[in-house]
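# Breakdown of the fold
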Amino acid sequence: TDDDTFSNVFCENSKKLINVHLFALAVKYYSLSHLGVCTPLKELLKALGGDNQGSTGIKTDEFMNNKKSHEVQVMSELVDKIANYCGIKQVIDIGSGKGYLSSFLSMQYNLKVYGIDSSNTNTNGAHERNRKLKKHWRAYQSRARANPKSQRLEKANDSPVQNEIKFKAVNERTLNNSCLQSQDQRTTQDLVPSCVFTEVTTSETSKQTEIDLVAQAQCNESELSEEAIAILNVLPADAVEIFSSSQCDSEELCEEEKAQRKMASIKAKASKSSESNLYFPLTSYITAETELGDIITDLEDSIMVGLHTCGDLAANTLRIFTAKPEIKAVCSVGCCYHLLSEQYENQEDCTEEVWGFPMCQYLKDKGWCCGRNARMSACLALERIAVGQMLPTQSLFYRAVLQVIIEEIYGVTKSERHVGKIFSKSSSFLDYVRKSLKKLELDDSKLPDSCIMDYYEKYKHRMNELEAFNMLKVVLAPCIEVLILLDRLCYLKEQDNIAWSGLVKLFDPVKSPRCYAVIALKK
């Protein structure tokens, strides 16, 4: 199949769509799944190595909705793998919102997380939510320990100190033999890898070293009480309450272990005055020029993450990653494509120097522009429609007729104000129009009810036509999203300091339509 196959989708003269079936085939042909440019999540996790046994059974749906729980569990596991691979413990969560991902990363994976959000309300809410979550965290773990599977996992987990030793011993082998292919081994034309993973071969010596380390770790753990191990494996040391004599028999501990427990107690006491010293919600507006050192006083080698970073924030996250030497890796899932700024959309208003689209030099050279309508379409969820979650046809019809009214009656073609979610609060089309006009600050007194209803009657027979048009937009949505995502990936491919970069489908698109992550590791 090539481009000529789809040359008859539109009429050459009128540019109208004349072959819907061919249109659908063309859209599928240019989708991410068909292009083969994504790296499978399983292959990425395998390449990153480490413990593949997953989390200890704590269920995030205890304190999150189904969608957020799915996103946080999948993304946090990947972020932890990347952090271990890079040998870093600090995470910067850009656009952290209510702090769900940040809290889980800090408590479940013992990572030091800075959550940065522009909304002070979100930051304060995240801080309070984290305090409550931490308070109940041990209760969640107690329930998880009742599961036999989680008990087996507890025995396999190493302590943080032993993990560090194990990492240092094994990391050299991982880096030398990893199937994360170096970016500078590819030609500049080969911007998008179809798959960059191969099987990792481990030498017998390295295997034996790892086995010995695991055996040593298990031997050390056997000296501790089962309950102490279970808690320490999940909670960071400074989040653990001071052990009483009933929880841990001091006579069974060697002097080194006693010293470690004493240090953990000191840390626990020091943390009493603050809600958490592993997750820090911060308020700051992030741009491409943001100096992270001004926000984070103890900035060190970090991984930067973003779960559904809105509009330009996703693009700026990648720019900060490439510019700041402290940021060793990035995992970014964007959203709200309609809010992206475009360099070539309104050229008469070109006052900005940094734009959300395009990012890569290839599209810049072509002066590529999507436009707001296309970006709005990119936000639609084809997979949800495919499983029966239909479009809100009536509300879309109301909005379309309202557009005609404000253009013909008020002469307004563009406004900085937005109607918002008026439909759900309206009892009828008449009520919808009145409320919308008030929100747009347009005088509705000169518009009688009969005139409003005349517009409704005039266009109601075209509701099916509108639905068909919107379905075509839904079908086209993945193609526009592909363009935006490949632009970001190609931007990373153009950088000299990137060891590997790729697109990864992280989430179930029915649960979370914006499911693709842009991931990169520096040399």
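The rules behind each value
- Residues numbered from 1 in each chain as written.
- Predicted model: local features only at pLDDT ≥ 70, side-chain atom pairs only at ≥ 80, totals over all residues.
- Heavy atoms only, no water.
- Helix = DSSP H or I, 4+ residues; strand = E, 2+ residues; numbered from the N terminus.
- Expected span 1.5 Å × (residues − 1).
- Bend = angle between axes of the 7 residues up to and from the residue.
- pLDDT = per-residue confidence, 0-100.
- Contact = heavy atoms within 4.5 Å.
- Core = buried A, V, L, I, M, F, W, Y, C linked by side-chain atoms within 4.5 Å.
- Buried < 20%, exposed > 50% of the residue type's maximum accessible area, 1.4 Å probe, protein only.
- Pairing = 2+ DSSP bridges.
- Axes fitted to C-alpha atoms, helices over the stretch in contact; angles between N-to-C directions.

The subject of this paragraph is helix H20 (residues 463-493). End to end, H20 covers 45 Å across 31 residues, agreeing with the expected 45 Å (1.5 Å per residue, within 8%). Along H20, the sharpest kink reaches roughly 40 degrees, centred on Leu 476 and followed within four residues by the proline Pro 478.

With that settled, the discussion passes to the confidence of the model for the protein. Confidence in the prediction for the protein averages 76 pLDDT; 65% of positions are at 70 or higher. In this model residues 184-253 is a low-confidence stretch, pLDDT under 50, and it forms 119 contacts with partners more than four residues away in sequence or in other chains. pLDDT under 50 marks residues 265-277. Its contacts with residues more than four places away, or in other chains, come to 16 contacts.

Right, let's get into the nonpolar core. Of all hydrophobic cores here, the largest spans 76 residues; its most connected members are Met 75, Leu 78, Leu 506 and Ile 519. Among the elements that take part in this core, H20 stands out by supplying nine residues, more than any other. Ignoring anything within four residues of it in the chain, the contact list for Leu 506 reads Leu 41, Val 74, Met 75, Leu 78, Cys 331, Val 333, Cys 515 and Ala 517. Counting residues in each nonpolar core, the second largest holds 23 residues, with Ile 406, Val 419, Phe 429 and Tyr 459 among its members.

Mapped onto the elements of the fold, Ser 377 is located in helix H15 (residues 372-378). Measuring from C-alpha to C-alpha, the distance between Ser 377 and Pro 478 comes to 8.8 Å, with 101 residues separating the pair along the chain. Beyond its immediate stretch of four places on either side in the chain, Ser 377 contacts Lys 473, Ala 477 and Ile 480.

Turning next to the environment of Phe 10. For Phe 10, the position within the fold is in the segment before helix H1 (20-29). Assessed through its relative accessible area of 42%, Phe 10 is described here as partly exposed. Considered as a pair, Phe 10 and Leu 22 are twelve residues apart in the sequence and their alpha carbons are 9.6 Å apart. When sequence neighbours within four positions are dropped, the list of residues in contact with Phe 10 reads Lys 15, Lys 16, Leu 17, Ile 18 and Phe 23.

Turning next to the pairing of strand E4 (residues 302-310). Summarising burial for E4: eight of the nine residues are buried, a large majority. Where strand E1 (residues 90-94) and E4 come together, four bridges link them in parallel fashion. Bridged to Val 91 within E4 is Ile 303. Sheet analysis places E4 next to strand E5 (residues 327-335), joined by eight bridges and oriented parallel. Bridged to Met 304 within E5 is Val 330.

Our next topic: the sheet that holds strand E7 (residues 516-522). On the basis of which strands lie adjacent, the open sheet formed by seven strands has the order E3-E2-E1-E4-E5-E7-E6 and mixed pairing. For this open sheet the edge positions go to strand E3 (279-283) and strand E6 (498-505), each flanked by a neighbour on one side alone. Each strand axis lies, on average, 15 degrees off the axis of its neighbour in the sheet, ignoring direction. Looking at chain direction, E1 and strand E2 (residues 112-117) are connected through five bridges and run parallel. The residue of E2 that forms the bridge with Val 91 is Val 113. Packing of helix H4 (residues 66-86) onto the sheet brings it into contact with E1, E4, E5 and E7, and relative to E4 it is tilted by some 160 degrees. On top of the sheet, H20 reaches E5, E6 and E7; it is set at about 165 degrees to E6, its chief contact.

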